[in-house]
Amino acid sequence: MPTPQLLEEYSRFFRLLSETARLQLLCQLKQGPLDVAGLIEATGFSQSHISRQLGMLQRAGLVRCERDGVRTIWTADRALVDQLCALVQNRLRQQLEGQLQQLASA
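Being a predicted model, the structure only gives us computed values, none of them experimental.

Draft legend 1. Spotlight on the overall build of the chain. Assigned secondary structure in the chain consists of five helices and three strands. Counted from the first residue to the last, the chain has its helices and strands arranged as α-α-β-α-α-β-β-α. Relative to the compact-globule value of 13 Å for 106 residues, the chain shows a C-alpha radius of gyration of 17 Å, a clear excess of over 25%. Taken along its principal axes, the extent of the C-alpha atoms in the chain is 60 × 35 × 25 Å. The burial tally for the chain puts 25% of its 106 residues in the buried class. Here the contacts in the chain between residues at least 6 apart in sequence split such that 45% fall between residues at least 24 apart.

Structure representation (structure tokens):
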């Protein structure tokens, strides 16, 4: 059984992933590295909103940044993001398949 502290960490991580804007940024960065200007163009979010969300994702280890002259290039931890997406997609697929089976047998 996880400790109360570990459960709190789990909860923080799931709350982090519950924000649509952060998920959208992760999906964009999963396609390849981008700077904030590219993320603004891709998402329509403001610079301050993107910076705030990227900071949270960086603290969780889901993205990292590198300097390229005056630009900061952001990259997703593709392996981790791919694993998280695969888990969610598999679960959603299972739920839909179960619903289809119920409809077919009705």
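Draft legend 2. The arrangement of the packing of aromatic side chains in detail. A complete count under the given rule lists one aromatic pair for this structure. Measuring from ring centre to ring centre gives 6.4 Å for Phe 13 and Phe 14, while their planes differ by 75°; the resulting arrangement is edge-to-face. The class of Phe 13 is partly exposed, set by a relative accessible area of 26%.

Draft legend 3. Broad picture of the sheet that holds strand β3 (residues 71-76). With antiparallel pairing, the three strands of this open sheet are ordered in space as β1-β3-β2. Every interior strand has two partners, whereas the edge strands, β1 (34-35) and β2 (63-68), have only one. Across the sheet, helix α2 (residues 20-31) touches β1, β2 and β3, and the angle it forms with β3 is around 95°.

Draft legend 4. Geometry of the pattern of salt bridges. Across all of its chains, the model carries seven salt bridges by this definition. Linking Glu 9 and Arg 12 is a salt bridge whose minimum nitrogen-to-oxygen distance equals 2.7 Å. Here Arg 12 and Glu 9 lie together in helix α1 (residues 4-17), a separation of three residues that amounts to about one turn. Assessed through its relative accessible area of 42%, Glu 9 is described here as partly exposed. A salt bridge links Asp 82 to Lys 30; its shortest N-O distance comes to 3.4 Å. Residue Asp 82 is found in helix α5 (residues 78-105), and its partner Lys 30 is found in helix α2; the two are separated by 52 residues along the sequence. A cluster of three or more residues bridged by salt bridges with shared partners is formed by Glu 8, Glu 9, Arg 12 and Arg 15.

Draft legend 5. Quick peek at a nonpolar patch on the surface. A cluster of nonpolar side chains, contributed by Met 1, Leu 6, Leu 7, Tyr 10 and Phe 14, occupies part of the molecular surface with about 610 Å² of accessible area. With respect to the element layout, Met 1 can be found in the segment before α1.

Reading the values: rules and limits
- Residues numbered from 1 in each chain as written.
- Predicted model: local features only at pLDDT ≥ 70, side-chain atom pairs only at ≥ 80, totals over all residues.
- Heavy atoms only, no water.
- Helix = DSSP H or I, 4+ residues; strand = E, 2+ residues; numbered from the N terminus.
- Rg over C-alpha atoms; globule rule 2.2 N^0.38 Å.
- Buried < 20%, exposed > 50% of the residue type's maximum accessible area, 1.4 Å probe, protein only.
- Contact = heavy atoms within 4.5 Å.
- Phe/Tyr/Trp six-rings, centres within 6.5 Å; stacked < 30°, edge-to-face > 60°.
- Pairing = 2+ DSSP bridges.
- Axes fitted to C-alpha atoms, helices over the stretch in contact; angles between N-to-C directions.
- Salt bridge = Lys/Arg side-chain N within 4 Å of Asp/Glu carboxyl O.
- Patch = residues over 30% accessible without salt bridge, like charges linked within 9 Å, V, L, I, M, F, W, Y side chains within 5 Å.
- Areas by Shrake-Rupley, 256 points an atom, 1.4 Å probe, with all protein chains shown as cover.

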